[in-house]
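# Residue-level structural notes
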Amino acid sequence: MKIKNILLMFGVAALVFSCATNPFTQKKTLALVSNSQLFPTAFAQYDQFLTENKVVSGTKDAEMITRVGQRIAVAAERWLNANGNHGYLNDYKWEYNLVDDKTVNAWCMPGGKIVFYTGILPIAKSETGVAAIMGHEVAHALANHGQQRMSAGMLQQFGAVAGNIAIKDEKSRNAFNQYYGVGSQVGVMLPFSRSHETEADKIGSYLMAIAGYDPAEAAELWKRMKANGGGKAPPEILSTHPSNDSRIANLKALAPKAKAEAKKFGVTTFR
Ligand SMILES: [Zn+2]
């Protein structure tokens, strides 16, 4: 009991002192784990994931994932720089991989480590659909949503305090993957909150537009995702990204705003 109280105190202190500023909203967010601690863990987890899965390379689809990823990364850098956030991506080590897996999923780990599953490509339907997913997933990473979920989870469990995460054993690895929606083997994935989804939709729409992709496709994509979710095996991605009609309406409303933002960067035609 005594130890738990001490941990609780640490937790509260960490709450007060460990905040990061979201460059998109200027809001302070909970960050018990700093990116400098998180990135090496994420990079190691990513490499591990790639060794355990079948990476597709040299195909048209694999090349498309890389092409879209590079364009979204460039768009993110331009947008952040234009808004006074120079150096925000300094520790990012962007990587884009396609894995041969029927799971309908895609994610971006902290630090820009992206995986698309071949199972999501039929729903993405086109390069623009891929860009909508990529923009959204990258947005979660840029806004540190996974970091906030992990920090909240750590506080709940009182098992870890600020500055002290060690992802070495199987159990903590699974916990990490759960916060980032990485593995389908792990079991229950934690959904992003509604506010995180809304934020990622907004940032994602802007990124895809600045990258030259028509942001109107985002609403169409999530319509297809939702239709696919009616079957007996809802896509994995819907367990971490709850979707509904108001979200789709919101994405539609965002499209013209995203195009207006892209115009500031000289982008006026969209594929
Ligand atoms: Zn999401």
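Reference entry: report on the structure contained in this document. The numbering scheme is per chain: residues are counted from 1 as the chain's sequence reads. In keeping with the model being predicted, local features are shown solely for residues with a pLDDT of at least 70 and side-chain atom pairs are shown and tallied solely at 80 or more, while totals for entire chains, interfaces and linings include all residues. To obtain the side-chain values, all non-hydrogen atoms of the structure were used and water was disregarded.

### Let's talk about the coordination of the zinc ion
Working reference: metal with six octahedral donors, ideal angles 90 or 180 degrees; metal with four tetrahedral donors, ideal angle 109.5 degrees. Put simply, the rule is: Coordinating donors are taken to be N, O and S atoms lying within 2.8 Å of the metal, or within 3.2 Å when the metal is Na, K or Ca; because water is excluded from the atom set, some sites may appear incomplete. What counts as a helix is a DSSP run of H or I of at least four residues, what counts as a strand is a run of E of at least two, and both are numbered from the N terminus. For each residue, the accessible area found with a 1.4 Å probe, counting protein chains only, is set against the maximum for its type, and the residue is called buried under 20%, exposed over 50%, and partly exposed in between.
Taken together, the protein donors to the zinc ion comprise His-136 (NE2), His-140 (NE2), Glu-197 (OE), Glu-197 (OE) and His-241 (NE2), at separations of 2.0 to 2.7 Å. Here the donor residues of the zinc ion share one chain and are spaced in sequence as H-x3-H-x56-E-x43-H. Taken together, the residues span about one helical turn, with His-136 and His-140 both in helix α5 (residues 127-142) at a distance of four residues. Each of the two residues, His-136 as well as His-140, counts as buried.

### Quick word on the nonpolar core
Convention followed: Think of a nonpolar core as a cluster: buried Ala, Val, Leu, Ile, Met, Phe, Trp, Tyr and Cys residues, connected wherever their side-chain atoms sit within 4.5 Å.
Counting residues in each nonpolar core, the largest one holds 69 residues, and the members touching the most others are Phe-116, Val-130, Met-134 and Met-225. For this core, the element with the highest residue contribution is helix α3 (residues 60-82), accounting for 10 residues.

### Observations regarding the sheet that holds strand β3 (residues 55-56)
Here is the rule: By definition, two strands form a pair when at least two bridges between them are found by DSSP. Contact criterion: two residues are considered in contact whenever any of their non-hydrogen atoms come within 4.5 Å of each other. Lines fitted to the C-alpha atoms define the axes, with helices restricted to the stretch that makes contact. Angles between their N-to-C directions range from 0 to 180 degrees.
Strand order in the open sheet formed by four strands is β3-β4-β6-β5, and the pairing between neighbours is mixed. Among the strands making up the open sheet, the edge pair consists of β3 and β5 (106-109). Across five bridges, the pairing between strand β4 (residues 95-99) and strand β6 (residues 113-117) is parallel. Bridge assignment links Leu-98 to a residue of β6, and that residue is Phe-116. Contacts between helix α2 (residues 35-52) and the sheet are confined to β3, β4, β5 and β6, with β6 contributing the most and set at about 30 degrees to the helix. Sheet strands in contact with α3 are β3, β4 and β6, and its direction is about 150 degrees off that of β4.

### Let's talk about the packing of aromatic side chains
Here is the rule we go by: Stacked, edge-to-face and tilted labels apply to pairs of Phe, Tyr and Trp rings (six-membered ring for Trp) whose centres lie within 6.5 Å, assigned for plane angles under 30 degrees, over 60, and everything in between, in that order. Working rule: Lys NZ or Arg CZ, within 6 Å of ring centre, within 35 degrees of ring normal, means a charge sits over the ring.
A complete count under the given rule lists eight aromatic pairs for this structure. With a centroid separation of 6.2 Å and 70 degrees between ring planes, the pair formed by Phe-49 and Tyr-117 is classed as edge-to-face. Of the two residues, Phe-49 is situated in helix α2 and Tyr-117 in strand β6; the sequence distance between them amounts to 68 residues. Here Phe-49 matches Tyr-117 in class, with each residue buried. Through successive ring pairs, a cluster of aromatic residues spans Phe-39, Phe-43, Tyr-92, Trp-94 and Tyr-96. Seen from the ring of Phe-43, Lys-113 lies directly overhead, with NZ or CZ sitting 4.9 Å from the centre. Here the guanidinium or amino end of Arg-271 rests over the ring plane of Tyr-213, the centre of that ring lying 5.1 Å away.

### Quick notes on the packing of helix α9 (residues 217-228) against helix α11 (residues 245-263)
Selection rule: Each angle receives one of four descriptions, namely roughly parallel if under 35 degrees, roughly antiparallel if over 145, roughly perpendicular if within 65 to 115, and oblique otherwise. What makes a crossing left-handed is the near helix being turned counterclockwise from the far one by less than a right angle; a clockwise turn instead makes it right-handed. By the convention adopted, Pro, Cys, Tyr, Trp, Phe, Met, Ile, Leu, Val and Ala count as nonpolar, Lys, Arg, Asp and Glu as charged, and the other residues, Gly among them, as polar.
Two elements in contact, α9 and α11, have axes separated by 8 Å at closest approach and are oriented at 160 degrees. Between α9 and α11, the interaxial angle falls into the category roughly antiparallel. Crossing angle aside, the handedness with which α9 passes α11 is left-handed. Here α9 contributes Ala-218, Ala-219, Glu-220, Trp-222, Lys-223 and Lys-226 to the contact with α11, which in turn contributes Asp-245, Arg-247, Ile-248, Leu-251 and Lys-252. The class makeup of the residues in the contact of α9 with α11 is five nonpolar, no polar and six charged.

### Thoughts on the side chain of Lys-113
As a reminder of what qualifies: N or O atoms within 3.5 Å of each other form a polar contact, as long as, within protein, one can give a hydrogen and the other can take it, and as long as residues adjacent in sequence are counted only when both atoms are side-chain atoms.
By the secondary structure assignment, Lys-113 is in strand β6. Within the structure, the side chain of Lys-113 is placed 3.1 Å from the backbone oxygen of Lys-93, a separation counted as a polar contact. Within the local environment of Lys-113, its side chain forms a polar contact with the side chain of Glu-95, the two groups lying 2.8 Å apart. With residues near it in sequence (within four places) discarded, Lys-113 still touches Phe-43, Tyr-46, Lys-93, Glu-95, Trp-107 and Cys-108.

### A word on the pairing of β4
Among the five residues of β4, four are classified as buried, and the element is accordingly described as predominantly covered. As judged from the two bridges shared by β3 and β4, these two strands associate in the antiparallel manner. Of the residues in β4, the one forming a bridge with Val-55 is Val-99.

### Considering α3
Rule in force here: Expected span, for any helix, means 1.5 Å times one less than how many residues it has.
Taking 1.5 Å of rise per residue, 23 residues should cover 33 Å, and α3 covers 33 Å from first to last C-alpha, within 8% of that figure. What α3 keeps buried is the set Ala-62, Met-64, Ile-65, Val-68, Gly-69, Ile-72, Ala-73, Ala-75, Ala-76, Trp-79 and Leu-80. A positive phi of about 80 degrees marks Gly-84, the residue just after α3.

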